[in-house]
Amino acid sequence: DAKTTQPTSMDCAEGRAANLPCNHSTISGNEYVYWYRQIHSQGPQYIIHGLKNNETNEMASLIITEDRKSSTLILPHATLRDTAVYYCIVRSRGGGTSYGKLTFGQGTILTVHP
Amino acid sequence: GAVVSQHPSWVICKSGTSVKIECRSLDFQATTMFWYRQFPKQSLMLMATSNEGSKATYEQGVEKDKFLINHASLTLSTLTVTSAHPEDSSFYICSAAGQVEAFFGQGTRLTVV
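Residues numbered from 1 in each chain as written. Chains lettered and ligands numbered in written order. Predicted model: local features only at pLDDT ≥ 70, side-chain atom pairs only at ≥ 80, totals over all residues. Heavy atoms only, no water.

(A) Spotlight on the overall build of chain B. Helices and strands together make up the secondary structure of chain B, namely 0 helices and 11 strands. The secondary structure elements of chain B, listed N-terminal to C-terminal, are β-β-β-β-β-β-β-β-β-β-β. Against the compact-globule benchmark of 13 Å for 113 residues, chain B has a radius of gyration of 13 Å, which places it among compact chains. Summarising its shape, the C-alpha atoms of chain B cover approximately 40 × 25 × 20 Å along the three principal directions. Sequence-distant contacts in chain B: of pairs separated by 6 or more residues, those separated by 24 or more amount to 52%. Split by element, the accessible area of chain B, about 5500 Å² in all, is 52% carbon and sulfur. (Helix = DSSP H or I, 4+ residues; strand = E, 2+ residues; numbered from the N terminus. Rg over C-alpha atoms; globule rule 2.2 N^0.38 Å. Contact = heavy atoms within 4.5 Å. Areas by Shrake-Rupley, 256 points an atom, 1.4 Å probe, with all protein chains shown as cover.)

Below, the structure is given as structure tokens:
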């Protein structure tokens, strides 16, 4: 699976959009970009994933550059409860249950302040 | 989304004793589950892949005789930390693969004293 690079930490004001970048310059054609987050002392939570098109769900939007070498996770209206470590993970969807084997980097510590 | 439940949420044990952690998929069958370990201020590290009805696959550097994994049914995997020592104190997290994403348990905080 391709390696990802994320900023160590970011701050965001409550109510504003939080834009979390991720570089994955070695991503290959069959690899997806996944985002998870981990709130302190809890298990990771799935946020969103995409291949090459931009994606949006009830939690966030994912913008993937045309060359797929980087992406940005957007939390449109950050709240205090969005304070967490956000992990950008690249891996192939593949088949079967090996999907769940995820390689976590250090992630970005997002702090949302009042 | 699917629910994966871990038990206990936290446990304190004496050095030299063994501790069992359970991971259950509550609303779907999980042929494969994964066990991670997370030390303070560090990221999650995959320990092993638990396969229903067969032996677990361990990552390099993880002692299979120390971290015993049993996956006897499609909804339950257990991790037993044998002869625990203070350096085994950590946050242990299991996950199960869904059709789109992985579902994680809430984690188990193990403290060995």
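Let us keep going from here.
(B) Geometry of the side chain of His-24 of chain A. Looking at the element boundaries, His-24 of chain A is found in the loop between strand E2 (18-23) and strand E3 (31-38). With near-sequence residues (within four places) excluded, His-24 of chain A lies in contact with Lys-3, Thr-4, Val-33, Arg-68, Lys-69, Ser-70, Ser-71, Cys-88 and Val-90 of chain A.

(C) The state of the cysteines, seen in detail. All names here are of chain A. Here the structure, examined in full by the defined rule, presents 2 disulfides over all chains. In this model, Cys-22 is linked to Cys-88 through a disulfide, with the two sulfur atoms separated by 2.1 Å. The sign of the S-S torsion, about -80°, decides the handedness of the disulfide formed by Cys-22 and Cys-88: left-handed. Of the two residues, Cys-22 sits in strand E2 while Cys-88 sits in strand E8 (residues 84-92), which places them 66 residues apart along the sequence. Taking the relative accessible area as the measure of exposure, Cys-22 reaches 2% and is therefore buried. According to the relative accessible area criterion, Cys-88 is buried, its value standing at 1%. (Disulfide = S-S within 2.5 Å. Buried < 20%, exposed > 50% of the residue type's maximum accessible area, 1.4 Å probe, protein only.)

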